[in-house]
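As a plain string of letters, each chain reads:
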Amino acid sequence: MSWIREGELTIIERFCANIIKAGPMPKHVAFIMDGNRRYAQKCHVERQQGHSQGFDKLAQTLRWCLNLGIREVTVYAFSIENFKRSKEEVDGLMDLARQKFSRLLEEQCFLNVCFAYTSRHEISNAVREMAWGVEQGLLEPSDVSESLLDKCLYTNNSPDPDLLIRTSGEVRLSDFLLWQTSHSCLVFQSVLWPEYTFWNLCEAILRFQMNYNALQKARDSYMEERRRQQMERDQAYVTKKLQQEGCSPRGAHGDSRRRRTLLQKCTAMREERIQGFLQALEHKRADFFERLCTVSA
Ligand code: FPP
Ligand code: MG
């Protein structure tokens, strides 16, 4: 039997899940699973036991998400900062990851695991990738934009999270998905991660639903502004080209036709450059992982 899917919701949980599902639901939820060590201390068990129970809670939470129709989950499993913890604890977490993540992969589930991750590292890496693209002649400096940066992040295949939940009462993002959560509903809950319940998840979703309209509005107006900025950049590019050709930017009828044609051409060429760059980037990353696997084999 499937490891994540085993065990269904109780009747009352199913009843409440159906009520919640009548409202707008987050499609993608991110978790900062915090409080494993405090839980271990509270229960007088070993730290490793706290992390192990944290992992079991992750499996259970995925089951709840599946039942609620949440298609995608991203978790902060191990921050680059966590390497500063004692060797014993880091080794223990690595062991846990080795033992248990392969079982998660068997599930073919919708889980993104951020391991040895920080958001600033991810963003600065994306900026370096774009600089590489310009250096290689694959991109024009004017192609660099927020939308291109989105595509250079590790999360480029996922929509931004609608809801981010952090447990254990801490009210900061600790360098997790800083770029991707600017329009997400952020919910901070005091419960320690291994004690997380279905009802805690429902509460977080209710908070998302209560703020849904404002979140949508902010996201839509940001996307609109982004389109406007791109249009402005394209117009500026065309104006420069026309000036180079000796045409007047606000000239006669013929000039404005030339302007329209140039604008279409420049947009199509930009799209083409970006596709070429993204393909080259994919190959570069695949090569990197292949080399990494060869070295560690
Ligand atoms: C935060 O609690 C949790 C972690 C640093 C690890 C998160 C990992 C899991 C929940 C298990 C699944 C993942 C792996 C790596 C197998 P904390 O250690 O910061 O506890 P504290 O906030 O009480 O100190
Ligand atoms: Mg912590």
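See the structure shown above.
Residues numbered from 1 in each chain as written. Chains lettered and ligands numbered in written order. Predicted model: local features only at pLDDT ≥ 70, side-chain atom pairs only at ≥ 80, totals over all residues. Heavy atoms only, no water.

With respect to the pattern of salt bridges
Inspection of the entire model under this criterion finds 24 salt bridges. The salt bridge partner of E195 is K42, with a shortest N-O separation of 2.7 Å. With a gap of 153 residues between them, E195 in the loop between β5 (185-188) and α7 (198-210) and K42 in helix α2 (residues 36-42) connect regions that are remote in the sequence. Its relative accessible area of 28% is what places E195 among the partly exposed residues. Between R47 and E89 there is a salt bridge; the shortest N-O distance is 3.3 Å. Taken together, the residues span a long stretch of sequence, with R47 in helix α3 (residues 47-67) and E89 in helix α4 (residues 87-106) at a distance of 42 residues. The exposure class assigned to E89 is buried, which follows from its relative accessible area of 5%. Among the ionic contacts, a cluster of salt bridges with common partners joins D34, R38, R166, E170 and R172. (Salt bridge = Lys/Arg side-chain N within 4 Å of Asp/Glu carboxyl O. Helix = DSSP H or I, 4+ residues; strand = E, 2+ residues; numbered from the N terminus. Buried < 20%, exposed > 50% of the residue type's maximum accessible area, 1.4 Å probe, protein only.)

So, α7
In an α-helix, one turn spans 3.6 residues; hence positions three or four apart end up facing the same way. Here α7 spans 18 Å end to end across 13 residues, near enough to the 18 Å set by a 1.5 Å rise per residue. Of all the residues in α7, the buried ones are F198, N200, L201, C202, A204, I205, F208 and Q209. (Expected span 1.5 Å × (residues − 1).)

Notes on the sheet that holds strand β3 (residues 111-117)
With parallel pairing, the five strands of this open sheet are ordered in space as β3-β2-β1-β4-β5. Two strands lie at the open edges of the sheet, namely β3 and β5, each paired on one side alone. Strand-to-strand twist across the sheet, computed as the mean angle between neighbouring axes with direction ignored, equals 20°. Of the pairings in the sheet, the one linking strand β1 (residues 28-32) to strand β4 (residues 163-166) comprises four bridges and is parallel in character. For A30, the partnering residue across the bridge sits in β4 and is L164. (Pairing = 2+ DSSP bridges. Axes fitted to C-alpha atoms, helices over the stretch in contact; angles between N-to-C directions.)

So, the pairing of strand β2 (residues 72-79)
In terms of residue burial, β2 counts as a mostly covered element, since seven of its eight residues are buried. Inspection of the sheet shows β1 paired to β2 by four bridges, in the parallel sense. Bridging from a neighbouring strand, H28 pairs with E72 of β2. As paired strands, β2 and β3 are joined by six bridges and run parallel to one another. Bridge pairing in β3 places F78 opposite F115.

Focus on the packing of aromatic side chains
For any pair of aromatic rings, the description consists of the separation of the ring centres together with the inter-plane angle of the planes. For the structure on display, the rule yields 13 aromatic pairs. Centre to centre, the rings of F31 and W193 are 5.6 Å apart; their planes meet at 55°, and the pair counts as tilted. Here W193 lies in the loop between β5 and α7 and F31 lies in strand β1, a separation of 162 residues in the sequence. Considered together, F31 and W193 belong to a single accessibility category, that of buried residues. Centroid distance F78 to F115: 5.2 Å. Interplanar angle 20°. Geometry classified as stacked. Of this pair, F78 sits in strand β2 while F115 sits in strand β3, placing them 37 residues apart in sequence. Connected via pairs of aromatic rings, a cluster forms that spans F31, W193 and Y196. The side chain of K284 reaches across the aromatic face of W132, ending 4.6 Å from its centre. (Phe/Tyr/Trp six-rings, centres within 6.5 Å; stacked < 30°, edge-to-face > 60°. Lys NZ or Arg CZ within 6 Å of the ring centre and 35° of its normal.)

Some remarks on the pairing of β4
Both faces of β4 are covered, namely the face carrying L163 and I165 and the face carrying L164 and R166. With four bridges connecting them, β4 and β5 associate as parallel partners. Bridge assignment links R166 to a residue of β5, and that residue is F188.

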